[in-house]
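# Structure assessment
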Amino acid sequence: MGFVFLWAFLDKTFGLHYSTPSAKAWIHGGSPTKGFLNSVDVGPLESWFHSIAGTWWADWLFMLGLLGVGLTLILGVLMYAGTAAGVLLLGFMWLAELPLAQHTSAGGPSGSTNPFADYHYIYAVVLVVLALTGAARTWGLGRLWAARPVVRRHPWLR
């Protein structure tokens, strides 16, 4: 799961020619939010998503979110914060695509194929399960991280 987020960060940052061509990479002046948010054509937040598309702060928050969630899951540190941020990020992406909608705001078909088995909330459930089952103690640095005095004093840092 961590690599899903980390890969999205790397592709959008460097334009690895998967979802992002090199010319539109963040390091070449491209906006990681502009294309996606400008294409939102469903849901009650459509105009809000359009208004923030390509803004510097939306780009930075999105990219830091992808990087932070990816590293958190891979390293197994700050799992509660990382998974909460991941669920929030996925929630906003779900709202932007709104798979429940059958029609766009223009009246055409939305292209949604399945409102019940959408990857956004399936990934969100996986993130919560990873955090609550202590996966970081098994697969990551979570056991070492949890032994730190500051983490023992503040368990929410796990």
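Throughout what follows, the structure given in this document is the object of discussion. (Residues numbered from 1 in each chain as written. Predicted model: local features only at pLDDT ≥ 70, side-chain atom pairs only at ≥ 80, totals over all residues. Heavy atoms only, no water.)

Here we take up the side chain of Asp118. The topology assignment puts Asp118 in the loop between helix H5 (79-97) and helix H6 (119-132). The side chain of Asp118 is buried and forms no salt bridge, while Lys12, the nearest opposite charge, is found at 15 Å. A distance of 2.7 Å separates a polar atom in the side chain of Asp118 from a polar atom in the side chain of His120. Ignoring sequence-local partners within four residues, the contact set of Asp118 consists of Trp94 and Pro99. (Helix = DSSP H or I, 4+ residues; strand = E, 2+ residues; numbered from the N terminus. Buried < 20%, exposed > 50% of the residue type's maximum accessible area, 1.4 Å probe, protein only. Lys, Arg positive; Asp, Glu negative; His and termini not counted. Salt bridge = Lys/Arg side-chain N within 4 Å of Asp/Glu carboxyl O. Polar contact = N/O pair within 3.5 Å; in protein donor to acceptor, adjacent residues only side chain to side chain. Contact = heavy atoms within 4.5 Å.)

The next thing to look at is the nonpolar core. Within soluble globular proteins, side chains that are nonpolar tend to cluster in buried spots. Within the largest apolar cluster, 17 residues are counted, with the highest numbers of intra-cluster contacts made by Phe5, Phe62, Leu66, Leu73 and Leu89. The element that contributes the greatest number of residues to this core is helix H4 (residues 56-75), accounting for five residues. With near-sequence residues (within four places) excluded, Phe62 lies in contact with Lys12, Pro32, Thr33, Leu89 and Met93. Leu37, Ile52, Ala53 and Ala58 belong to the second largest nonpolar core, which has seven residues in total. (Core = buried A, V, L, I, M, F, W, Y, C linked by side-chain atoms within 4.5 Å.)

Attention now goes to H6. The α-helix advances 3.6 residues per turn, and as a result positions three or four apart in sequence lie on the same side. Here H6 contains 14 residues, and its C-alpha end-to-end distance of 20 Å stays within 8% of the 20 Å for a straight helix at 1.5 Å per residue. Along H6, the residues that are buried comprise His120, Ala124, Leu127, Leu130 and Ala131. Buried residues of H6 fall within an arc of 125° about the axis and therefore sit on the same side. Along H6, the residues that are exposed and aim more than 90 degrees away from the buried face are Val125 and Leu132. Directly beyond the C-terminal end of H6, a positive phi value near 70° is found at Gly134. (Expected span 1.5 Å × (residues − 1). Arc of directions from axis to C-beta.)

As enumerated under the stated definition, the model contains six aromatic pairs in all. A ring pair is formed by Trp7 and Tyr18, whose centres lie 5.4 Å apart and whose planes are at 75°; its orientation type is edge-to-face. Placement of Trp7 in helix H1 (residues 2-14) and of Tyr18 in the loop between H1 and helix H2 (34-38) is noted, with a sequence separation of 11 residues between them. For Trp7, a relative accessible area of 31% translates into the label partly exposed. Here Trp26 and Trp60 contribute two aromatic rings whose centre-to-centre distance is 4.9 Å and whose plane-to-plane angle is 70°, an arrangement assigned as edge-to-face. Here Trp26 is found in the loop between H1 and H2, whereas its partner Trp60 is found in helix H4, with 34 residues between them in sequence. For Trp60, a relative accessible area of 46% gives the class partly exposed. Each residue in the set Phe3, Trp7 and Tyr18 is aromatic and connected to the rest through ring pairs, giving one cluster. (Phe/Tyr/Trp six-rings, centres within 6.5 Å; stacked < 30°, edge-to-face > 60°.)

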